[in-house]
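This is what each chain is made of:
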Amino acid sequence: MKLKKIILLSFLGTLGILNASAQKITLEGGYFNPKRIGPSTGETYFDAIRIGALAEYDLKYNFGIQSGLFYNIGYSNKTQRYAVSGDSVVYNTWSHALEIPVRVVYNLPLFKDFKIFGFAGPNIQVGLIQNQKVDVGLSNELVNMTGLQSGNYELYGDKKLNRINLQLGAGGGVQWRKYSVKAGYDWGLNNLDKTKTDKVRQGNWYVTLGYQIK
């Protein structure tokens, strides 16, 4: 946990330096699609939106460094079915998180006011709230076997999930004048399961619209 705090503070420090000296600042918003997967818990998909701002510091030879701060909110409706009995468990989850990317970007101007770009680098997600409602429709035998119970849970507060999700991602896009469109994917690196009963990773792909204000 100490290492994760050091990484988080390093990211925040980098973000502050970049924002203070940034040549470009872009407001962004778009669709965000996290996917959480574990051998025991299976796959969980979220439909989400993400908004925030990205600062860019220019380097030489069309390279630059980007960082920013984003907020995302997502919803997941997952039904886990048991093939033998036909019983099921329904999970409804709301997720709120912050993201702090640090990317190396390469800009390639093609003609006046139009360029394409690619980027890669680490991303850190900090979970804020993850409320989950569980509706258990199982036989008594399966309830005793799985230990599942209906109820409302907060997955971070109940110590079921780690708040820090370290990721590594890449993507690209196009910009015309002050408007941009980009897409990318971040791969989850660390285990999010805090109960130590599973190995859970979370990645996400996204499509974003941007408007450069500086």
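Residues numbered from 1 in each chain as written. Predicted model: local features only at pLDDT ≥ 70, side-chain atom pairs only at ≥ 80, totals over all residues. Heavy atoms only, no water.

(A) Up close: the pattern of salt bridges. Under the counting rule described, the total for this entry stands at seven salt bridges. With a shortest N-O distance of 3.8 Å, Asp-58 and Lys-24 are connected by a salt bridge. Within this pair, whereas Asp-58 is found in strand S3 (residues 47-58), its partner Lys-24 is found in strand S1 (residues 24-38), the two being separated by 34 residues in sequence. For Lys-24, a relative accessible area of 18% puts it in the buried group. The residue Arg-103 makes a salt bridge to Asp-186 at a minimum N-O spacing of 3.0 Å. With Arg-103 in strand S5 (residues 88-111) and Asp-186 in strand S9 (residues 179-188), this residue pair connects regions lying 83 residues apart in the sequence. Judged by its relative accessible area of 4%, Arg-103 falls in the buried class. Here the salt bridges do not stand alone but share partners, grouping Lys-24, Glu-56 and Asp-58 into one network. (Salt bridge = Lys/Arg side-chain N within 4 Å of Asp/Glu carboxyl O. Helix = DSSP H or I, 4+ residues; strand = E, 2+ residues; numbered from the N terminus. Buried < 20%, exposed > 50% of the residue type's maximum accessible area, 1.4 Å probe, protein only.)

(B) Structural view of the packing of aromatic side chains. For the structure on display, the rule yields eight aromatic pairs. Considering the side-chain rings of Trp-176 and Tyr-179, the 6.5 Å spacing of their centres and the 20 degrees angle between planes classify their relative orientation as stacked. Relative accessible area serves as the criterion here: at 43%, Trp-176 is assigned to the partly exposed category. A connected cluster of aromatic rings, assembled from ring pairs, spans Trp-176, Tyr-179 and Tyr-211. Over the ring of Tyr-153 we find Lys-160, and its NZ or CZ is 4.1 Å from the ring centre. (Phe/Tyr/Trp six-rings, centres within 6.5 Å; stacked < 30°, edge-to-face > 60°. Lys NZ or Arg CZ within 6 Å of the ring centre and 35° of its normal.)

(C) Region of interest: unusual backbone geometry. With phi around 60 degrees, Tyr-61 is a residue other than glycine that occupies positive phi space. The residue Tyr-61 is located in the loop between S3 and strand S4 (63-81) in this model. In this structure Tyr-61 comes out as exposed when scored by relative accessible area, which is 69%. With phi around 70 degrees, Asn-62 is a residue other than glycine that occupies positive phi space. Note that Asn-62 resides in the loop between S3 and S4.

(D) Representation of the pairing of strand S8 (residues 164-176) in the model. Sheet topology note: the strand S6 (residues 114-137)/S8 ladder contains 13 bridges and is antiparallel. What sits directly across from Ile-116, in S8, is Val-174. With ten bridges joining them, S8 and S9 adopt antiparallel strand pairing. Across the sheet, residue Gly-172 finds its bridge partner in S9, namely Ala-183. Where S8 folds back onto S9 in an antiparallel hairpin, the turn is made up of two residues, including Arg-177, whose phi is positive at roughly 55 degrees. (Pairing = 2+ DSSP bridges.)

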